[in-house]
Protein chains: 6
Amino acid sequence: MEVSARNAFKAKVKKVVDGAVNAEVILEIAPGVEVTAIITKSSAEKLGLVEGKDAYAIIKSSDVIVAVD
Amino acid sequence: MEVSARNAFKAKVKKVVDGAVNAEVILEIAPGVEVTAIITKSSAEKLGLVEGKDAYAIIKSSDVIVAVD
Amino acid sequence: MEVSARNAFKAKVKKVVDGAVNAEVILEIAPGVEVTAIITKSSAEKLGLVEGKDAYAIIKSSDVIVAVD
Amino acid sequence: MEVSARNAFKAKVKKVVDGAVNAEVILEIAPGVEVTAIITKSSAEKLGLVEGKDAYAIIKSSDVIVAVD
Amino acid sequence: MEVSARNAFKAKVKKVVDGAVNAEVILEIAPGVEVTAIITKSSAEKLGLVEGKDAYAIIKSSDVIVAVD
Amino acid sequence: MEVSARNAFKAKVKKVVDGAVNAEVILEIAPGVEVTAIITKSSAEKLGLVEGKDAYAIIKSSDVIVAVD
């Protein structure tokens, strides 16, 4: 599957923290570059996300904010 | 300023493409790792975004989708 | 590829309207049920979106608003 | 009230799952077509969302990702 | 219609700027407090948004970022 | 830091409600005008958000929905 989202990064799952409805997933997209995702706990389970698993982080370009100092 | 968004990456502006209302901004957050942002053209101008400028890419963790093969 | 987004609908492209930076894509996810997406024009081109093409509409559950009368 | 969001579907609440801060709401927008929403638990309570209730699922077109196989 | 979005502000349209696909709408939600929205141009037309019109600005709480100095 | 998001409001924290993974933060951006944000609990802690603290509410203009009666 190929997505319209301009930002689709190959990643490795570093950590999954479960909440009641949501889960926090930390993905490493490059050495030392981590992206945190909040997804539903049931999605995390359905995708079988566990530490070390290969995954992708997908971000729509309209969801990126740019800042400058 | 420090933001609640879990994903705030130091970046360098690689390219800015102007549309009528929006602009597409390509940011390099690590060697070879690029993030594309769509922001309003007036924001791009206000922030003075031009190739080579230091900037940040900020992404809310609830906007990240996780995928697996 | 399987995504964490809880809402992933099989669809057929009904129409693509190009802007300067963005494109508006109308997808039919069930008979008479259409979803409109705004994506970058370059993504629409990269995915080869044209009327009649099979596609998916993917929506994060945190992006859905619920309303009642 | 009429909204700018291009995607506003008449729906019936199928299920509400409460978390600590958020609730997961499953809406049927057409026979067999379900949309999952994550909203705050207090919103779910304020709207009186219970199984069988009429509701709407509203999605901004800029929040829809398109994918192809 | 009542929405799950926690942030629904009564507003007055201050200005509408049309692009090719999108429109930028500036809304005043309190004296001197303005909110800018990017919506599709066809939505702006469908809602009849013109300067001085009464409207609402609706924002999902998961789309709000918090920052501190 | 200056952000591309068109909506950046000076605010005061009114209330923080912790969930398992997320926290709900209520910010007053003008007298009687409150904005609710859902952020991760760890972000709320990292920013030291407590009642009375000065903060900003930042919202991308593409995340604002416009409605009319």
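Residues numbered from 1 in each chain as written. Chains lettered and ligands numbered in written order. Predicted model: local features only at pLDDT ≥ 70, side-chain atom pairs only at ≥ 80, totals over all residues. Heavy atoms only, no water.

Named according to an unreviewed UniProt entry, chain A is TOBE domain-containing protein originating from Iningainema tapete BLCC-T55.

A look at the overall build of chain A
Convention followed: A run of H or I in DSSP becomes a helix once it reaches four residues, and a run of E becomes a strand once it reaches two; helices and strands are each numbered from the N terminus. We call two residues in contact when some of their heavy atoms are within 4.5 Å. For the area figures, the Shrake-Rupley method with a 1.4 Å probe applies, and any residue is considered shielded solely by the protein chains shown. A residue counts as positive if it is Lys or Arg and as negative if it is Asp or Glu; His and the chain ends are not included. Charge coordinates come from a single atom per side chain, which is NZ of Lys, CZ of Arg, CG of Asp or CD of Glu.
A count of helices and strands for chain A gives one helix and six strands. Across chain A, helices and strands are ordered from the amino to the carboxyl terminus as β-β-β-β-α-β-β. Based on the C-alpha atoms only, the size of chain A along its principal axes is roughly 35 × 25 × 25 Å. Within chain A, contacts between residues at least 6 apart in sequence are counted, and of these 41% link residues at least 24 apart. Total accessible area on chain A stands at roughly 2,600 Å², and carbon and sulfur atoms take up 46% of it. Mean positive and mean negative side-chain charge positions of chain A (9 and 10 charges, respectively) differ by 5 Å.

Quick look at the interface of chain B and chain A
Convention followed: Summed over both partners, the accessible area (1.4 Å probe) lost when two parts come together is defined as the buried area. Any Lys or Arg side-chain nitrogen located within 4 Å of an Asp or Glu carboxyl oxygen qualifies as a salt bridge. Think of a polar contact as two N or O atoms within 3.5 Å of one another; within protein, one of them needs to be a possible hydrogen donor and the other a possible acceptor, and neighboring residues in sequence only count if both atoms come from side chains.
Counting residues at the interface gives 33 residues for chain B and 33 residues for chain A. Together, the buried faces of chain B and chain A total about 2,900 Å²; carbon and sulfur atoms form 63% of this surface. Per-residue buried area on chain B facing chain A is highest for B:Tyr56, B:Val66 and B:Val68; these three make up 20% of the total on that side. The interface formed by chain B and chain A holds two salt bridges in total. Along the contact surface separating chain B from chain A lie twelve residue pairs in polar contact (both at pLDDT 80 or more). Secondary-structure elements contributing two or more residues to the side of chain B that touches chain A are β2 (7-18), β3 (22-30), β4 (33-40), β5 (54-59) and β6 (65-68) of chain B.

Observations concerning the sheet that holds strand β1 (residues 2-3) of chain D
Rules: When DSSP finds at least two bridges between two strands, those strands are taken to pair.
On the basis of which strands lie adjacent, the open sheet formed by six strands has the order β1(D)-β6(F)-β5(E)-β2(E)-β3(E)-β4(E) and antiparallel pairing. A strand with exactly one partner marks an edge of an open sheet, and here the two such strands are β1 of chain D together with β4 (33-40) of chain E.

Observations regarding the side chain of B:Asn22
Condition: Per-residue accessibility, obtained with a 1.4 Å probe over protein chains only, is compared with the maximum for each type, and a residue is labelled buried under 20%, exposed over 50%, and partly exposed between these values.
Counting through the fold element by element, B:Asn22 comes out in strand β3. Overall, B:Asn22 belongs to the buried group, its relative accessible area being 8%. Not counting residues up to four positions away in its chain, the partners in contact with B:Asn22 are B:Val17, B:Ile38, B:Ile39, B:Thr40, B:Lys41, C:Val21, C:Asn22, E:Asn22 and E:Ile38.

Examining the relation of the copies chain B and chain A
As a reminder of what qualifies: Superposition of the copies was done by least squares, using only C-alpha atoms of residues whose pLDDT is at least 70 in both.
When chain B is brought onto chain A, the operation consists of a screw motion whose angular component is 180° and whose axial shift is 0.0 Å, with 0.0 Å RMSD remaining. A rotation of that kind, with that shift, is consistent with a two-fold axis. In terms of C-alpha distance to the rotation axis, chain B has B:Asp63 as its closest residue, with the C-alpha 3.3 Å off the axis. Both copies contact each other with a shared surface, as 100% of the interface residues of chain B are interface residues in chain A too.

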